[in-house]
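Below are the chains, spelled out letter by letter.
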Amino acid sequence: MLRNRQLSRILWRQIALSKIDYARPCSGILSPKPINSRQQCTATIKETYLKKFMNAVGWMDQDRTRLKLTGYVLYESVPDKVAYNEWFEKLELPDTFASWFIVTELHVWMLLVRYMAVDISSATGKKKYVKGDGYFVRNCIIEAQWADVGNRIKMLEGANPAIAKKQVTELSEQFQAALVGYDEGLNDDRVLAGAIWRRFYSMSDDVKAENVEKIVHFIRHQLSELDKIPSESLRWKPQLEWLSILDH
């Protein structure tokens, strides 16, 4: 694992654009005469097409821009705030890139679980999932993760571009499988423990059961803390503090 997290810090610049109402008649010195209805209609049409184009390239949808920034900031909270050394020492994990990824992956999964819950609606009396802001932020978190992982792999000593690409592909497949395993264990500690045993310890018979139990307790506690954060705060002002594995 690369200990200097600052080398892989994700940069993001939010674009702030002023809104112009092209359909509104101009007044004052620049336009002493009011615009006629035909001119106003033409201006409105131009505005509509312009907005469609700008939204297509993501320039004018400032809400989406802010949500994307939210996703990147949330991901950064993992490599920036998680005490990886505590995980390695407490759970007897090797201090390697693979271990770093597994720990990161688990924290990212918990973020995804919380943000997917944002889109669950119970307006009709029955819970129903509808893709919305939570789904969008979820994708941005994953996007930020792979950008970071790609940079870290490239910085590994003697990294070969072709090999690095293959490693990212393999990690992606493992990531998808891990998400499925963790999802299946959301409501069952035994299933969750099995998923942790597979992912963290490759189903080794030498692993201490108490280490798996610590991770299960950590997940339940951390998810409970994430659930306490209001959905509106998650959208616009997410402030997360990751719990320590030493307390479990």
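The rules behind the values
- Residues numbered from 1 in each chain as written.
- Predicted model: local features only at pLDDT ≥ 70, side-chain atom pairs only at ≥ 80, totals over all residues.
- Heavy atoms only, no water.
- Helix = DSSP H or I, 4+ residues; strand = E, 2+ residues; numbered from the N terminus.
- Expected span 1.5 Å × (residues − 1).
- Buried < 20%, exposed > 50% of the residue type's maximum accessible area, 1.4 Å probe, protein only.
- Contact = heavy atoms within 4.5 Å.
- Polar contact = N/O pair within 3.5 Å; in protein donor to acceptor, adjacent residues only side chain to side chain.
- 1 Å grid on protein atoms, 1.4 Å probe; cavity = no way out; pocket = protein on both sides within 12 Å on 5 of 7 lines; lining within 4 Å.
- Points joined across faces, edges and corners; volume = space filled by probe spheres on them.
- Nonpolar A, V, L, I, M, F, W, Y, C, P; charged D, E, K, R; others polar.
- Core = buried A, V, L, I, M, F, W, Y, C linked by side-chain atoms within 4.5 Å.
- Salt bridge = Lys/Arg side-chain N within 4 Å of Asp/Glu carboxyl O.
- Phe/Tyr/Trp six-rings, centres within 6.5 Å; stacked < 30°, edge-to-face > 60°.

J.: Hey, could you go over helix 8 (residues 209–227) for me, with residue numbers and the actual values?
T.: The end-to-end C-alpha separation of helix 8 is 27 Å, in line with the 27 Å expected for 19 residues at 1.5 Å each. Among the residues of helix 8, those classed as buried are Asn211, Val212, Lys214, Ile215, Val216, Phe218, Ile219, Gln222, Leu223 and Leu226. Elements that come into contact with the buried residues of helix 8 comprise helix 3 (84–90), helix 4 (97–117) and helix 7 (189–201).

J.: Residue-level account of the environment of Ser204, with values.
T.: On the secondary structure map, Ser204 appears in the loop between helix 7 and helix 8. The exposure class assigned to Ser204 is partly exposed, which follows from its relative accessible area of 28%. A polar side-chain atom of Ser204 sits 3.1 Å from the main-chain amide nitrogen of Asp206.

J.: Mind laying out the layout of surface pockets, listing which residues take part and the relevant values?
T.: For the largest pocket, the calculated volume is near 280 Å³. For the lining of the largest pocket, the elements supplying multiple residues, two or more each, are helix 4, helix 6 (161–184) and helix 8. Broken down by element, the residue count for the lining of the largest pocket peaks at 6 residues, all from helix 4. Here the lining of the largest pocket is built from residues that sort into 9 nonpolar, no polar and 4 charged.

J.: Can you lay out the nonpolar core for me, pointing to particular residues and giving the numbers?
T.: One finds Trp87, Phe200 and Ile219 to be the most contacted residues of the largest nonpolar core, which totals 55 residues. If you list the elements that add at least two residues to this core, you get helix 2 (62–81), helix 3, helix 4, helix 5 (133–155), helix 6, helix 7 and helix 8. If one sorts the elements of this core by residue count, helix 4 sits on top with 12 residues. Contacts of Phe200, omitting those with residues within four sequence positions, involve Trp87, Leu93, Ile102, Val103, Leu106, Tyr182 and Ile215.

J.: Outline the pattern of salt bridges, listing residues and values.
T.: Within the structure shown, the criterion is met by 10 salt bridges. Between Arg199 and Glu105 there is a salt bridge, and its shortest N-O distance comes to 2.7 Å. Here Arg199 is found in helix 7, whereas its partner Glu105 is found in helix 4, with 94 residues between them in sequence. Pair check on accessibility: Arg199 and Glu105 agree, each one buried. Where Asp148 meets Arg152, a salt bridge forms, and the shortest distance between an N and an O atom there is 3.0 Å.

J.: Describe in detail the packing of aromatic side chains, supporting the description with residues and values.
T.: Under the defined criterion, the tally for this structure stands at 9 aromatic pairs. When the ring of Tyr84 is compared with that of Trp100, the centres are 6.1 Å apart and the planes differ by 25 degrees; the resulting orientation is stacked. Of this pair, Tyr84 sits in helix 3 while Trp100 sits in helix 4, and the two are 16 residues apart along the sequence. On the basis of relative accessibility, which here comes to 1%, the residue Trp100 falls in the buried class. When the ring of Phe200 is compared with that of Tyr201, the centres are 6.4 Å apart and the planes differ by 40 degrees; the resulting orientation is tilted. Per residue, the accessibility class of Phe200 equals that of Tyr201, and both read buried. Of the aromatic side chains, those joined through ring pairs into one cluster are Tyr84, Phe88, Phe97 and Trp100.

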